[in-house]
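# Observations on the three-dimensional arrangement
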Amino acid sequence: ESWSWLYIVSQDVWILALLYVLANSQYRNIKLGKDDEKPEYSNLTWFAMMFSCGVAVGIFYYSVAEPVWHYTGGNRFAHLPDNERGTHSLMVTWYHWGLHGWIPYTVVGAVLGLMAYRRGLPMTMRFTLYPLIGERVYGWIGDLVDVASICCTLFGVCTSLGLGVEQINTGLVRLDKGTFRGVNDHPDGRTGLEVNTDTQVVIIWIVTVLATASVVAGLQMGIRRIAQVTFGLGMFLMLSVLFLGHTEYILNLIVETLGYYLWYLPKISFHTDAFEMSGQTPLQCIEDSTLCGSPTWMDGWTIFYWGWWISWGPFVGMFMAKISRGRTLGEFIMGTLIIPSAYSFLWLGIFGAEGIYMERAAQIEGLTCDNQFSAVTNNVRLSCSGTAAMYFDQVTSYGSQGFGDFISLLSIIALILYFVASSDSGSLVIDIIAANGVANPPVIQKVFWAFSEGAAATALLVAGGSQALSALQTA
């Protein structure tokens, strides 16, 4: 709470700084590499690798759930008229996944790219401080920065492991029990699979083995190929929901929310919930709690997100820099800040719009948490589902049970691959930092750090369950 203001304003400062660089031809035309160097990857492959690494499983986990929670939860905009509250809920989700989310990656990646490709310095986090402290980066200050970056990356990946295993576990259990519209064809399950720690530990190690194989295979044959498949699967799922759902409504809401976002951004990007967190409760808010926000909302949402994005900054920014040699600084900013934000808006706009539509339809139909699934329509009272289950309740509502199982299976595969893409890129970055910037560290070191991620996540999960990983996310 004491540092909320700094979290909020620092993101704004970095965005303004990079937009200035983007607008100034003197800076945006600087090449990350020699002036005649060409990019190593095509634009589509480059973007697929960055996006798959940068968002991990969170964009599945929150795609339906976050807009629905904002729409139905007690917050400072609960008093808005219903239609405006729907638009506002989607706009807040965009705020958390847009420019302000991607900016730590772009800042770190741009500085590292300039230091490594223009100055010839090793690509490790300590050299982001070279313009400020010069040769002292080779001393204990630099060592401290690199060690902190390794820890930040290791535990940052663990937080996503917590979200990922929960949703993968939920999806597998639904398939095992034949869950469709609230009914389990096989109540005890075909294999007896349950949502529990044992299952989640197995999932963690399956992902860890896949990530290890990918990072050992290298960028070209490992991470690159996984990112291409992962991005393609994600595109298929997103477009399926767009065209199977209420297409005209979705497109209308995306356009409406874009205008609302551009209009509201100067306000929300500086909003700190100062009065809500002051401890004062006005009389009118005691009588009607919807008139004031919760004192815990900012910490539970925006500050949590900024801490999460920033904790991923060292490894995602460094990974982005590593695959961006030969591109101009302007291309880098567009490709790591503007375009990923726009794609996130599209993804969250499609899934979020459908989630809000279904929640409203369920309310109109009279569905409650005691009667969550409609026997007549495909509607589900999503706000009564768990966060991990909302996505599956949404995507299985477009057809028969067979289609629902098919789309659920594809979603689980995409989740695992997004999981692997972020884990192996994190392992690669830790390897390089630990090897003092060596571009291709020894294989045994790659295996060690990849397994360290799995071991750390397993230890946290076994010791404290999901609460331990949640605590790590908050920290």
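Residues numbered from 1 in each chain as written. Predicted model: local features only at pLDDT ≥ 70, side-chain atom pairs only at ≥ 80, totals over all residues. Heavy atoms only, no water.

## A closer look at helix α5 (residues 65–72)
Put simply, the rule is: Working definition: with a 1.4 Å probe on protein chains only, accessible area under 20% of the residue-type maximum means buried, over 50% means exposed, and in between means partly exposed. Under the scheme used here, helices are H or I runs from DSSP no shorter than 4 residues and strands are E runs no shorter than 2 residues, and both carry numbers assigned from the N terminus. What makes two residues a contact is simply this: any of their non-hydrogen atoms within 4.5 Å.
With 6 of its 8 residues buried, α5 lies for the most part within the structure. What α5 keeps buried is the set A65, E66, P67, V68, H70 and Y71. Each element contacted by the buried residues of α5 is listed here: α4 (58–61), α6 (82–97), α13 (297–322), α14 (329–365) and α15 (387–395).

## Remarks on α13
How we decide: Working rule for helices: expected span equals 1.5 Å times residues minus one. Axes are fitted to the seven residues ending at a residue and to the seven starting at it; the angle between these axes is taken as the bend at that residue.
Here α13 contains 26 residues, and its C-alpha end-to-end distance of 37 Å stays within 8% of the 38 Å for a straight helix at 1.5 Å per residue. The largest bend in α13 comes to about 55 degrees, at G313, with the proline P314 one to four residues further on. For α13, the tally of buried residues reaches 22 of 26 residues, placing the bulk of the element in the interior.

## Topic: a nonpolar patch on the surface
Put simply, the rule reads: The patches described consist of residues with a relative accessible area above 30% and no salt bridge, like charges being joined within 9 Å and nonpolar side chains (Val, Leu, Ile, Met, Phe, Trp, Tyr) within 5 Å. Note on areas: Shrake-Rupley with a 1.4 Å probe; residue coverage comes only from the protein chains shown. Salt bridges are defined as contacts in which a side-chain nitrogen from Lys or Arg sits within 4 Å of a carboxyl oxygen from Asp or Glu.
A surface patch of nonpolar side chains, amounting to about 610 Å² of accessible area, comprises W3, W5, L6, V9, V13 and F270. Here W5 lies in helix α1 (residues 4–23).

## Side note on the confidence of the model for the chain
Note the cut-off: As a per-residue measure, pLDDT reflects the predictor's confidence and takes values from 0 up to 100.
Taken as a whole, the chain shows an average pLDDT of 90; of its residues, 96% reach a score of 70 or greater. In the model of the chain, helix α12 (residues 283–287) stands out as the element of lowest mean pLDDT, 73, in contrast to helix α11 (residues 247–268), which has the highest, 97.

## A closer look at the state of the cysteines
Counted only if it meets this: Cysteine sulfur pairs qualify as disulfides if the two atoms are within 2.5 Å.
According to the stated counting rule, one finds 1 disulfide in the structure shown. With its sulfur 2.0 Å from that of its partner, C369 forms a disulfide with C384. Here the S-S torsion is close to -80 degrees, and the disulfide linking C369 with C384 is therefore left-handed. Of the two residues, C369 sits in the loop between α14 and α15 while C384 sits in the loop between α14 and α15, which places them 15 residues apart along the sequence. Note on C369: relative accessible area 55%, which makes it exposed. Judged by its relative accessible area of 22%, C384 falls in the partly exposed class. Looking at C53, it has no disulfide partner, and the nearest cysteine sulfur is the one in C152, 14 Å off. With a relative accessible area of 1%, C53 lands in the buried category. Note on C152: no disulfide assigned, nearest cysteine sulfur contributed by C151 at a separation of 8.5 Å.

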